[in-house]
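So you can see what is in the structure, the chains are spelled out below.
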Amino acid sequence: MMEADEGTVMGFAVARTRDEAHLYLDLNPCEQCGSVETTWSRGLVDAEGERADRYAGRCQGCGTEREFLFGLPARPVIPAGYPTFGGPEPSELLDAGEWLWVADLSAGNVPVDDSAEARRALSIAAAAVDEVVKFIRPGDDTAPETAFWSDRGLELRAREPGRFDLDRLLIVRDTYRNLVAEYA
């Protein structure tokens, strides 16, 4: 749970889709050994009087029990292909900088000898850039300061703030989409 400044309890951060939850789990390795290898079981639970989506499993690296609780979206998001990270609202799990980092990582790992995996990596990159765009308010030209809260996201924004300009993001996203189409 996250605590508000006034001491009131706020809900769990919402995982809008299974794809978003699994990406978050992959970006948060075991605190004991650093492994991300965990076979997750998933189920709805009552946590502190609130319904939550619980992911639990044992780290395959060191055996540590791991658990994450996510809030439920107000409206279910119907997957529209792979990946489907969320609806029209911005993520509560990953900030704008983390999404761009995911896009960079995915686009930087496109295999040259496997067109199906290339399409997959570029689809993730394009969808991740779409997630950055969701943080930009209508009429604004760049992601606001409030769109960054993680160390990784804040660092990327400080190093390359121009990468969060809307026009630039749309060009990058469209480039990834065009490359996906070329591999089809």
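Residues numbered from 1 in each chain as written. Predicted model: local features only at pLDDT ≥ 70, side-chain atom pairs only at ≥ 80, totals over all residues. Heavy atoms only, no water.

A. Seen up close, the overall build of the protein chain. The helix and strand tally for the protein chain stands at five helices and five strands. Counted from the first residue to the last, the protein chain has its helices and strands arranged as β-β-α-β-β-β-α-α-α-α. Relative to the compact-globule value of 16 Å for 184 residues, the protein chain shows a C-alpha radius of gyration of 17 Å, a close match. In terms of overall dimensions, the protein chain has C-alpha extents of about 45 × 40 × 35 Å along its principal axes. (Helix = DSSP H or I, 4+ residues; strand = E, 2+ residues; numbered from the N terminus. Rg over C-alpha atoms; globule rule 2.2 N^0.38 Å.)

B. Seen up close, the environment of alanine 21. One can find alanine 21 in helix α1 (residues 18–27). Taking the C-alpha atoms as reference points, alanine 21 and aspartate 53, separated by 32 residues in sequence, lie 9.5 Å from one another.

C. How the structure looks around the sheet that holds strand β3 (residues 41–47). In spatial order, the strands read β3-β4-β5; together these three strands make up an open sheet with antiparallel pairing. A single partner strand is all that each edge strand has here, and the edge strands are β3 and β5 (65–70). This sheet shows a mean twist of 30° between the axes of neighbouring strands, independent of strand direction. Across seven bridges, β3 lies against strand β4 (residues 50–58) in antiparallel orientation. Paired with alanine 47 across the two strands is glutamate 50, which belongs to β4. (Pairing = 2+ DSSP bridges. Axes fitted to C-alpha atoms, helices over the stretch in contact; angles between N-to-C directions.)

D. Looking closely at the packing of helix α2 (residues 96–107) against helix α4 (residues 151–159). At a minimum axis separation of 7 Å, α2 and α4 run at an interaxial angle of 80°. It follows that α2 is roughly perpendicular to α4 by the angle criterion. Contacts from Gly97, Glu98, Leu100 and Trp101 in α2 reach Arg152, Gly153 and Leu156 in α4. (Parallel < 35°, antiparallel > 145°, perpendicular 65-115°, else oblique. Contact = heavy atoms within 4.5 Å.)

E. Inspection of the side chain of arginine 16 at higher detail. With respect to the helices, strands and loops of the structure, arginine 16 is situated in the loop between β2 (9–10) and α1. From its side chain, arginine 16 meets the backbone oxygen of phenylalanine 85 in a polar contact 3.4 Å long. Residues in contact with arginine 16, not counting those within four places in the same chain, are Pro73, Val77, Phe85, Gly86, Gly87, Glu89, Pro90, Ser91, Trp99, Glu131 and Lys134. (Polar contact = N/O pair within 3.5 Å; in protein donor to acceptor, adjacent residues only side chain to side chain.)

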